[in-house]
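Next come the chains, spelled out residue by residue.
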Amino acid sequence: MTRAKHRAGIPVTSPQPAKPIKKKQIDWKSDNPENKGASTVVNYNATHATGKEKTLDTPKKRPAKVAMIKKPAGISERIVQIPTNIVQPADPHMLRVAVIGAANAGKSTLVNKLIGEEVSGVSPKAHTTRERVLAVLTEGQHQIVFLDTPGIIPDRNHAQMNRTLATSSWRSLDEADHVMIVVDANWSLNTQSLKTEQFLLSRLHDIHIPATLVFNKMDLVGHDIKVLEDVKNRYERGYGSIQQIVYTSATEGKDVGTLKNTLFSKSLSRPWEYPAEQKVEMPNLKRVEEIIRVEFFKRLHHYIPYMIKQENVGWTELNKTLVIDQNVYVERDSQLKIIVGSNGKIINNVIADAKDKISRAFGRPVKLNIQAKVRKTPIAGLI
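Criteria and cut-off values
Residues numbered from 1 in each chain as written. Predicted model: local features only at pLDDT ≥ 70, side-chain atom pairs only at ≥ 80, totals over all residues. Heavy atoms only, no water. Core = buried A, V, L, I, M, F, W, Y, C linked by side-chain atoms within 4.5 Å. Buried < 20%, exposed > 50% of the residue type's maximum accessible area, 1.4 Å probe, protein only. Helix = DSSP H or I, 4+ residues; strand = E, 2+ residues; numbered from the N terminus. Contact = heavy atoms within 4.5 Å. pLDDT = per-residue confidence, 0-100. Pairing = 2+ DSSP bridges. Axes fitted to C-alpha atoms, helices over the stretch in contact; angles between N-to-C directions. Salt bridge = Lys/Arg side-chain N within 4 Å of Asp/Glu carboxyl O.

### Looking at the nonpolar core
- The biggest cluster of nonpolar side chains holds 25 residues, and the ones touching the most others in it are Leu110, Ile144, Phe146, Met180 and Leu259.
- Residue assignment for this core shows that the elements contributing at least two residues are β5 (93-101), α3 (107-115), β6 (133-139), β7 (142-148), β8 (178-184) and α7 (256-266).
- Setting aside residues no more than four positions away along its own chain, leucine 110 makes contact with Met180, Val182, Val214, Thr248, Ala250, Val256 and Leu259.
- One finds Leu285, Ile291, Val328 and Leu368 within the second-largest nonpolar core, a separate group that totals 24 residues.

So, in structure tokens, the structure goes:
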């Protein structure tokens, strides 16, 4: 038949193979109460090859996706929570201590050692502590509240910055029962330290609050007290309210216990102001931003870390995990490349270390996301 059609000039078409029907996906919600709200996928396959083959895959339950709505930190995360239900011991003693001294004297490191955890940011750079940090040490019947303040540098080149930071230091004296003057033992032997020393003593001249003079970083002078005799005498002459002198090394933890007992002995008989378990008074958001900022300070050089501003864009609870989304801003593209680092190394390390510290501080799982951006126009409210 085909040959006859060919001779007669009738075109012959080859039979076309049957085309398989495309795989279909049908979403449906089961009427079964157990599957209520769950989405199930049914795959239906059919072909015309035999006209008989039909397969129906077993329905598979797929859990409904949990939509996470990102929202910034609320008012409760941005303000200091007032402590309530403070359980008082039988004979409570309490002391508020203003911690003052030159920048990089080791004030924050010393406070962290006394408290037993990192409550105040520490890095090798001056002015890592930019605002007052209130840390709480509670042991036995005693509670010491430390007002850790920014370092003081009377430098004309940075007069405005230092004037702003120093204001926080001097205000802390208005709230203090006791002053802890922290001196870098090694730096105090340098003649360049005299300017800071004179400035500090001149500001303390008319203040009559009992004080403890602490020579920190004694490991850098071989724990030799004699080399500091002249420095000690200058401080005693300059501030007549010094009652005790303690020599310590915060990094080594040497004689930190001696300092702690000295402060306990100065505490006053009055009720505690904070619960025994509280270590720091700071809004949760501020504490997160401080931890992130310090991690950048540890890794960046020169002026770059001081240029970073932060903005919280997400503070969300997800399956008992706190998800924090933070934007960090710099002013130039060149600065952006620096804070991100080669292949994102710097910012990824910041995220990893900051996440661990935030998780320990809050005692819960934390997921931290940080995006670095360029913002050339300063925006009010960024810190």
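And the narrative resumes.
### Some points on the confidence of the model for the protein
- Averaged over the protein, the pLDDT score is 79; the fraction of residues at 70 or greater is 71%.
- In this model residues 21-58 is a low-confidence stretch, pLDDT under 50, and it forms 57 contacts with partners more than four residues away in sequence or in other chains.

### Some remarks on the environment of leucine 268
- For leucine 268, the position within the fold is in strand β11 (residues 268-269).
- The partly exposed category is assigned to leucine 268, whose relative accessible area is 38%.
- When the C-alpha positions of leucine 268 and aspartate 177 are compared, they lie 8.8 Å apart, and in sequence the two are 91 residues distant.
- If we ignore the near neighbours within four places in the chain, the residues touching leucine 268 are Pro92, His93, Met94, Leu95 and Asp177.

### Quick look at the environment of valine 350
- Assignment of secondary structure puts valine 350 in helix α11 (residues 345-362).
- You can call valine 350 buried: its relative accessible area is 0%.
- Each C-alpha atom of the pair valine 350 and valine 294 lies 9.1 Å from the other, and the pair is 56 residues apart in sequence.
- Setting aside residues up to four positions removed in sequence, valine 350 forms contacts with Ile292, Glu295, Phe296, Arg299, Lys355 and Ile370.

### Comments concerning the sheet that holds strand β13 (residues 309-318)
- On the basis of which strands lie adjacent, the open sheet formed by three strands has the order β13-β14-β15 and mixed pairing. Edge positions in the sheet fall to β13 and β15 (366-374), since each has one partner strand and no second. Neighbour-to-neighbour, the strand axes of this sheet turn through a mean angle of 15 degrees, independent of strand direction.
- Running at roughly 155 degrees to β15, helix α10 (residues 333-340) makes contact with β14 (321-330) and β15 of the sheet.

### Let's talk about the pairing of β6
- The buried count for β6 comes to six of seven residues, which makes it a mostly enclosed element.
- Here β6 runs beside β7; their pairing, made up of seven bridges, is antiparallel. Directly across from glutamate 139, in β7, lies its bridge partner histidine 142.
- Two successive antiparallel strands, β6 and β7, enclose a turn made up of two residues, where glycine 140 displays a positive phi of approximately 55 degrees.

### Things to note about the pattern of salt bridges
- On inspection of all chains with the given rule, the structure shows 16 salt bridges.
- In this structure, arginine 287 and glutamate 117 form a salt bridge, with 3.6 Å as the shortest nitrogen-oxygen distance. Of this pair, arginine 287 sits in helix α8 (residues 284-299) while glutamate 117 sits in the loop between α3 and β6, and the two are 170 residues apart along the sequence.
- Relative accessible area serves as the criterion here: at 32%, glutamate 117 is assigned to the partly exposed category.
- Note that aspartate 353 and arginine 299 form a salt bridge whose closest N and O atoms lie 2.4 Å from each other. With aspartate 353 in helix α11 and arginine 299 in helix α8, the pair connects residues that are 54 residues apart, well separated along the chain.
- For aspartate 353, a relative accessible area of 32% translates into the label partly exposed.
- When salt bridges that share partners are traced, they join Glu295, Lys298, Arg299, Asp353 and Lys357 into one network.

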